[in-house]
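Each chain is listed here by its residues.
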Amino acid sequence: MTRTPLDILGTVYGFDSFKGRQAEVIDHVTSGGDALLLAPTGGGKSLCYQIPALLREGPGIVISPLIALMQDQVTALRQLGIRAAFLNSTLSPGEQRSVAAQLRAGDLDLLYLAPERLVQEDTLDLLAIARPSVIAIDEAHCVSQWGHDFRPEYLQLDILAEKFAGVPRLACTATADFRTREEIVANLKLEGGRIFATGFDRPNIRYLVTERSGGTAQVLRFIRNEYPGQAGIVYCLSRKKTEKVAAQLAAAGLTALPYHAGLPAKVRADNQKRFLNEDGVVIVATIAFGMGIDKPDVRFVIHNDMPAGLEAYYQETGRAGRDGLPSTALLTYGLQDVVLRRRMLENSEADDLHKRIERQRLDAMLAWTELVTCRRQALLRHFGDDLAEPCGNCDICLFPPETFDATVAAQKLLSCVARTGQRFGANYVIDVLLGSDHERIFRFGHDGLSTYGIGTELDRNGWRTVLRQLMARGILTTDAEGIGSLVLTPKSREVLSGELTLELRKNPLIKPAGRKKAKKSVPAALLAEDGALADPEAAARFERLRELRLKLAKEAEVPPYVVFHDKTLAAMAALRPRDESELMAISGVGEAKLERWGAAFLAALAEDGDSLEG
Ligand code: ADP
Ligand code: ZN
């Protein structure tokens, strides 16, 4: 009677069903196929070569860099009744001879080896006699030169394909990085094999992407509304920004701590410890934070700047919800991110090849942010994992975007870029489209262009939305120097000529340009005759806001009126804005001030409301 993989799973391991794509991989390898298997740690990769080794004739060979773990691995396998052994320098010469003898006699099911041992002449001879059933290459990312674990010995494993032609080889790794994957396939000569990715889905993480607006106030509002008092990570690109955002969140009453490589070691260690040990700490960090952090109840990961690529993004968001409870990955981004990222990339020390790879990563990231289909499906597809149905737990699934025929709008924008000589950034081009009377437009004589003022059907935000989507689709790009000038691509021509029509998402922010709403001051009805606030509660609130202003002004070493004028504070006290858009509607609150002080004032107003109601 022939044994099936499922029989072995039950009788040897005591499990009743395969997980992930184990069954598929095992079938494929058992019938002689090569493969690369990507699955997270704990994903059950080892069974994928152990079971084929038990089913096929001859010993299975497992190549692993972790000599220190071999003893434990072998002991565990022996407990299951599997005849396993290892060969490495920790064994005495006598023990090594005995393992070799067992191997020759056909008494082993599995043999563990380090790569440097395998490529020795005598080991290769020994294996040629023993005729392996399957060769597993564990921690296969060690073959990638740009990976963090590169081991030169791994490069020599390319001889396996030739020396053991016909013996199925299975490479395993938990690193999902696209680039690493390509290198594994190339360096281990697995081109004829299959790639299996499994277990990368994190269904409890909700993926949300939103346009950045209102600076830290936006982050604050999200945390307040969705996860008040809970732990989370806010990633920022620069050290300076992590400190600024942490301070703003702290000023608004959150326990928020900065973390970046430039902080003194003790501060870093303390902040990390508090994040791990206290409840509800928000850490505001650069990507220096997170490696090896295993905190189960991180409820949210916010990217407050565009990540470098989907691999990094996936890894960073993966720190949310390890306990399996609902969690959110929120990405806020703006057009400026793309320019900034590109500038960083072009100015980096990397060689051309690396730059090209990084550019591809960024493009993929950008395309993902501007998707109009399920984000999770696309994310998993990027890692070779499949999700049959849209997930129902990302912003696209939850709030399907409206789309509109943007062909004409795109043509206007592209031709405006062309006519201004591909030398200007987004703001300028949009100024021309909107027919702005900005002095520099006249200086360059661009008020005479046919595209001057032809774009009033959209407002500034509307144009930025269109622009971002064109960039995400490779229809427009920024200059190679990273200055931020918009530049046409071969695809631009297809749009300009009408060959390519465009269906773009209508961002909620897209709206016909109208007159700006008048900013609000204190309605006259709320004022007493002397011009003060009539309502005593509002007057008290006004005083509290003034105290806050004084504190913030001192901290920033500016006079109080630089923060906000009295008139603005009075309007806040009277109108009690609850969120950043309401705050923005108040006279004297512009974007810069909203960004800098908005969170603190909203927090104070909210607290006020709480204490009144409570
Ligand atoms: P990896 O090598 O991918 O990190 P392992 O192969 O060590 O993962 O498996 C992780 C754990 O999952 C082990 O304890 C293993 O026994 C268990 N496991 C593997 N496959 C199954 C299965 N089909 N059913 C239940 N448990 C499994
Ligand atoms: Zn979805």
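These numbers were taken from a predicted model, which means no experiment stands behind them. (Residues numbered from 1 in each chain as written. Chains lettered and ligands numbered in written order. Predicted model: local features only at pLDDT ≥ 70, side-chain atom pairs only at ≥ 80, totals over all residues. Heavy atoms only, no water.)

**Q** Just to check I follow, could you spell out the coordination of the zinc ion (ligand 2) for this structure?
**A** For a metal bound by four donors in a tetrahedral arrangement, the ideal donor-metal-donor angle is 109.5 degrees, while six donors in an octahedral arrangement ideally sit at 90 or 180 degrees. Each protein donor to the zinc ion (ligand 2) is listed here as Cys374 (SG), Cys391 (SG), Cys394 (SG) and Cys397 (SG); together their distances run 2.3 to 2.4 Å. Its four donor atoms give the zinc ion (ligand 2) angles of 100 to 119 degrees at the centre, a pattern that matches the tetrahedral case. Mapping the donors of the zinc ion (ligand 2) onto the primary sequence gives the spacing C-x16-C-x2-C-x2-C. You can call Cys391 partly exposed: its relative accessible area is 23%. Given the relative accessible area of 24%, Cys397 is considered partly exposed. (Donors = N, O, S within 2.8 Å, 3.2 Å for Na, K, Ca; no water. Tetrahedral: all angles 85-135°; square planar, octahedral: opposite > 155°, others 65-115°. Buried < 20%, exposed > 50% of the residue type's maximum accessible area, 1.4 Å probe, protein only.)

**Q** Looking at this structure, how should I read the environment of Ala252?
**A** Along the chain, Ala252 turns up in the loop between helix 12 (239-251) and strand 10 (256-259). For the pair Ala252 and Leu237, spaced 15 residues apart in sequence, the C-alpha separation works out to 22 Å. Sequence-distant contacts of Ala252, that is, excluding residues within four places in its chain, are made with Leu220, Arg224, Ala599 and Ala603. (Helix = DSSP H or I, 4+ residues; strand = E, 2+ residues; numbered from the N terminus. Contact = heavy atoms within 4.5 Å.)

**Q** In this structure, what is going on with the sheet that holds strand 5 (residues 134-137)? I would like to understand it.
**A** Sheet strands pair via backbone hydrogen bonds, and the direction of the pair is either parallel or antiparallel. Within the open sheet, the seven strands sit side by side as 3-4-2-5-6-1-7. Their pairing is parallel. Both edges of this open sheet fall to strand 3 (84-87) and strand 7 (194-197), since each of them pairs with a single strand only. On average, adjacent strands in this sheet sit at an angle of 20 degrees to one another, irrespective of strand direction. In terms of strand pairing, strand 1 (residues 35-38) meets strand 6 (residues 169-173) through four bridges, oriented parallel. Looking across to strand 6, one finds that Leu37 is bridged to Cys172. Packing of helix 2 (residues 22-30) onto the sheet brings it into contact with strand 1, strand 5, strand 6 and strand 7, and relative to strand 7 it is tilted by some 160 degrees. (Pairing = 2+ DSSP bridges. Axes fitted to C-alpha atoms, helices over the stretch in contact; angles between N-to-C directions.)

**Q** I keep staring at the site of ligand 1 and nothing clicks. Help me out?
**A** Lining the immediate surroundings of ligand 1 are 13 residues, of which Ser17, Gln22, Gly42, Lys45 and Ser46 lie closest. Here a nitrogen atom of ligand 1 sits 2.8 Å away from a polar atom, N or O, in the main chain of Ser17. One of the side-chain nitrogen or oxygen atoms of Gln22 is found 2.9 Å away from a nitrogen atom of ligand 1. For ligand 1, the protein covers 66% of the area, taking 570 Å² as the surface of the free molecule. Among the residues making up the shell around ligand 1, the classes are represented as four nonpolar, seven polar and two charged. (Near = heavy atom within 4 Å. Polar contact = N/O pair within 3.5 Å; in protein donor to acceptor, adjacent residues only side chain to side chain. Areas by Shrake-Rupley, 256 points an atom, 1.4 Å probe, with all protein chains shown as cover. Nonpolar A, V, L, I, M, F, W, Y, C, P; charged D, E, K, R; others polar.)

**Q** Would you take a moment to explain the packing of aromatic side chains for this structure?
**A** Aromatic ring pairs are defined here through the distance separating the ring centres and the angle between the ring planes. Overall, the coordinates contain 15 aromatic pairs when judged by the stated rule. With 6.4 Å between their ring centres and 90 degrees between their planes, Tyr207 and Trp368 make a pair best called edge-to-face. Remark: Trp368 occurs in helix 16 (residues 352-369) and Tyr207 occurs in strand 8 (residues 205-211); sequence separation between them is 161 residues. One exposure class covers both Tyr207 and Trp368, and it is buried. For the ring pair Tyr313 and Trp368, a centre distance of 5.0 Å and an interplane angle of 50 degrees mean the geometry is tilted. Within this pair, whereas Tyr313 is found in helix 14 (residues 310-317), its partner Trp368 is found in helix 16, the two being separated by 55 residues in sequence. Residue Tyr313 is classed as buried on the basis of its relative accessible area, which comes to 0%. (Phe/Tyr/Trp six-rings, centres within 6.5 Å; stacked < 30°, edge-to-face > 60°.)

**Q** Help me out: how do you make sense of helix 22 (residues 460-472) in this one?
**A** Since the α-helix packs 3.6 residues into each turn, any two residues three or four apart lie on the same face. Helix length check: helix 22, at 13 residues, gives a terminal C-alpha distance of 18 Å against a target of 18 Å (1.5 Å per residue), a fit within 8%. Restricting attention to buried positions, one finds in helix 22 the residues Gly462, Trp463, Arg464, Thr465, Val466, Leu467, Arg468, Gln469, Leu470, Met471 and Ala472. A distance of 3.2 Å separates the backbone nitrogen of Asn461 from a side-chain oxygen at the start of helix 22, and that oxygen is part of Asp459. Positive backbone phi, approximately 70 degrees, marks Gly474, located one or two places after helix 22. (Expected span 1.5 Å × (residues − 1).)

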